[in-house]
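Geometric and topological summary
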There are 2 protein chains.
Amino acid sequence: MTEAQAKPNGPMPSAQMERKLAKAVERAQQAFMEKNLRFTQLRQDVFAEIAATHASIGAYDILARLAEKGTRLAPISVYRAIDALLEAGVIHRLESKNAFFACRRIEHRTGRRPIFLACENCNGVQEVDSDGIFETIDRLSAAASFQPRVKFVEVSGLCEACRPGKD
Amino acid sequence: MTEAQAKPNGPMPSAQMERKLAKAVERAQQAFMEKNLRFTQLRQDVFAEIAATHASIGAYDILARLAEKGTRLAPISVYRAIDALLEAGVIHRLESKNAFFACRRIEHRTGRRPIFLACENCNGVQEVDSDGIFETIDRLSAAASFQPRVKFVEVSGLCEACRPGKD
DNA sequence: TCGGAAACGTTACTTTATACCACCGGGCCG
DNA sequence: CGGCCCGGTGGTATAAAGTAACGTTTCCGA
Ligand SMILES: [Zn+2]
Ligand SMILES: [Zn+2]
Ligand SMILES: [Zn+2]
Ligand SMILES: [Zn+2]
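Residues numbered from 1 in each chain as written. Chains lettered and ligands numbered in written order. Predicted model: local features only at pLDDT ≥ 70, side-chain atom pairs only at ≥ 80, totals over all residues. Heavy atoms only, no water.

By the naming in an unreviewed UniProt entry, chain A goes by Zinc uptake regulation protein ZUR and is assigned to Hyphomicrobium sulfonivorans. Checking UniProt for chain A, the heading Sequence similarities (unreviewed entry) contains the comment "Belongs to the Fur family." (UniProt positions renumbered as here; feature names shortened; annotations may be inferred.)

1. A look at the protein's contact with DNA strand D
As a structural note, the neighbourhood of DNA strand D is formed by 15 residues, with Thr40(A), Arg80(A), Tyr60(B), Tyr79(B) and Arg93(B) the closest of them. Among all atoms of DNA strand D positioned within 4 Å of the protein, those belonging to sugar or phosphate total 48%. At a separation of 2.5 Å, a base nitrogen of DNA strand D approaches a polar side-chain atom of Tyr60(B). Listed by contribution, the elements that provide at least two residues to the surface near DNA strand D are helix 2 (41–53) and helix 4 (75–88) of chain A together with helix 4 (75–88) of chain B. The element contributing the most residues to the surface near DNA strand D is helix 4 of chain A, with three residues. Looking at the surface near DNA strand D, its residues break down into seven nonpolar, three polar and five charged. (Near = heavy atom within 4 Å. Polar contact = N/O pair within 3.5 Å; in protein donor to acceptor, adjacent residues only side chain to side chain. Helix = DSSP H or I, 4+ residues; strand = E, 2+ residues; numbered from the N terminus. Nonpolar A, V, L, I, M, F, W, Y, C, P; charged D, E, K, R; others polar.)

2. Observations regarding the relation of the copies chain A and chain B
For the match of chain A to chain B, the screw axis carries a shift of 0.1 Å, the RMSD comes to 0.2 Å, and the turn is 179°. Put plainly, the chains are arranged around a two-fold axis. Distance from the rotation axis, computed per C-alpha, reaches its smallest value in chain A at Val153(A): 2.2 Å. Comparing interface residues between copies, 100% of those in chain A also lie at the interface in chain B; the contact surface is shared. (Least-squares fit on C-alpha atoms with pLDDT ≥ 70 in both. Contact = heavy atoms within 4.5 Å.)

3. A closer look at the protein's contact with DNA strand C
Near DNA strand C, the surroundings consist of 14 residues, among which Tyr60(A), Tyr79(A), Arg93(A), Thr40(B) and Arg80(B) are the closest. Within the side chain of Ser77(B), one N or O atom sits 3.3 Å away from a phosphate oxygen of DNA strand C. Looking at the surface near DNA strand C, the elements that each hand over two or more residues are helix 4 of chain A together with helix 2 (41–53) and helix 4 of chain B. No other element matches helix 4 of chain B, which puts three residues into the surface near DNA strand C. Its residues assigned to classes, the surface near DNA strand C shows seven nonpolar, three polar and four charged.

4. Here's the deal with the domain arrangement of chain A
Residues and elements named next belong to chain A. Domain annotation for chain A reports domain 1 (3–104) and domain 2 (107–157). Put simply, the middle of domain 1 and the middle of domain 2, counted by C-alpha atoms, are 22 Å apart. Residue-level contacts link 19 residues of domain 1 with 13 residues of domain 2. Note on domain 1 versus domain 2: buried area summed over both sides is about 1200 Å², and carbon and sulfur give 55% of it. For the domain 1 face of the interface with domain 2, the top three residues by lost area are His 92, Lys 97 and Phe 101, together amounting to 32%. The interface formed by domain 1 and domain 2 contains zero salt bridges. Here domain 1 and domain 2 share six residue pairs in polar contact (both at pLDDT 80 or more) between them. Looking at the side of domain 1 that touches domain 2, the elements with two or more residues in it are helix 1 (14–34), strand 1 (91–94) and strand 2 (99–102). Here the element with the most residues in the side of domain 1 that touches domain 2 is strand 1; it accounts for three residues. (Domains from an automatic or database assignment. Buried area = accessible area lost by both parts, 1.4 Å probe. Salt bridge = Lys/Arg side-chain N within 4 Å of Asp/Glu carboxyl O.)

5. A word on the UniProt feature "binding site: Zn(2+)" (unreviewed entry) in chain A
All names here are of chain A. Following the UniProt record, one finds the feature "binding site: Zn(2+)" (unreviewed entry) at Cys 119, Cys 122, Cys 159 and Cys 162. A maximum C-alpha distance of 8.2 Å among these annotated residues, which run over 44 residues, shows that they cluster at one spot. Checked against the element boundaries, Cys 122 lands in the loop between strand 3 (114–119) and strand 4 (125–129). Of the residues examined, Cys 122 reaches a relative accessible area of 38% and is grouped as partly exposed. Ignoring any residue separated from it by four or fewer positions in sequence, one finds Cys 122 in contact with Ala 55, Cys 159 and Cys 162. (Buried < 20%, exposed > 50% of the residue type's maximum accessible area, 1.4 Å probe, protein only.)

6. Quick word on helix 4 of chain A
Residue and element names in this part refer to chain A. Across its 14 residues, helix 4 extends 20 Å between first and last C-alpha, which sits within 8% of the 20 Å expected from 1.5 Å per residue. Within helix 4 the residues assigned to the buried category are Ser 77, Val 78, Ala 81, Ile 82, Ala 84, Leu 85 and Ala 88. The buried side chains of helix 4 occupy one side of the element, clustering within an arc of 160° when seen end-on. Among the exposed residues of helix 4, those pointing more than 90 degrees away from its buried face are Arg 80 and Glu 87. In this structure, the buried residues of helix 4 make contact with helix 1, helix 2, helix 3 (59–68), strand 1 and strand 2. Note on helix 4: the residue one or two positions beyond its end, Gly 89, has a positive phi of about 80°. (Expected span 1.5 Å × (residues − 1). Arc of directions from axis to C-beta.)

In structure tokens form, the structure reads like this:
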């Protein structure tokens, strides 16, 4: 896993990946500005690392990758950056895996919640529209006199590419 | 926050609690028999500890409570018991809290999935019928060419008893 | 009754996450 | 200008959650 210079992360041409990553970072910056939060260097570095994987990644993996690039950090620093990124809504937390991934849908930052489809093989995550699930949850909660605050809908399985019996 | 949770259902005489717990243990035993699994002493102890809280409880809390009663165990032993209890379907795991609670709906052992309403104040958990949510998830997964394996829907919030602004 | 599988004990370890305290740098008040 | 607050950061240490490895015991069916 040592490459000349750039991110060795997938079958996509490095240049194109770089461009996409830069765009994602730019969008993140925008999100921070809109919420009057500071997109510091550390936060940017951590976000870039998460966005670069195009999958879910654990806090300590981020730590390790940054370390490889010369940025040695304490875990707490990464977690603080992650907290800020979560607050800005530019990443999501995958509860079932204790991992994080970059949000690719701008509308999530305005309160709209998706559901997460997490591949057990490649760690890729799809965010798909909840199609009324959260409304149903609200209704069920109300019927149970329960006041919902945070709702998690996560599905673990296999994505199309990782599915067996297809070639 | 490991001690003395208020029960969602108010104070209950100790004798009655004992009786309820005994019943729960008995039902668990039944479930183990039906699945040809062994309801060993360790598993029974761990289950009793979980069922006694009437709320979600972490593995290390179980460990501590058993230790107080003279049963000193290694973490792995508790986790092995938990695995068996999960397999038998007599407890559920709350992914968003890394905690476990006793199932109070027999029908869950036959594949029917509920959604979980977890109180952030008292740690009580309600299991309510999913009312088609899981079917919706299946549909959304199919539309995304995703093959689901494990699904969970968890809601974190406040139960009726813990709700502010009501007395 | 004996042989293999399941359960358990013990030790050590990994992974995930937070507490605590000091410091720095920019905005703000006097 | 000078002192102060405050959010962000660095560093150390430690808590919390979960697992690997390996040997021993217990159970159960042939
Ligand atoms: Zn998103
Ligand atoms: Zn995949
Ligand atoms: Zn249940
Ligand atoms: Zn409550």
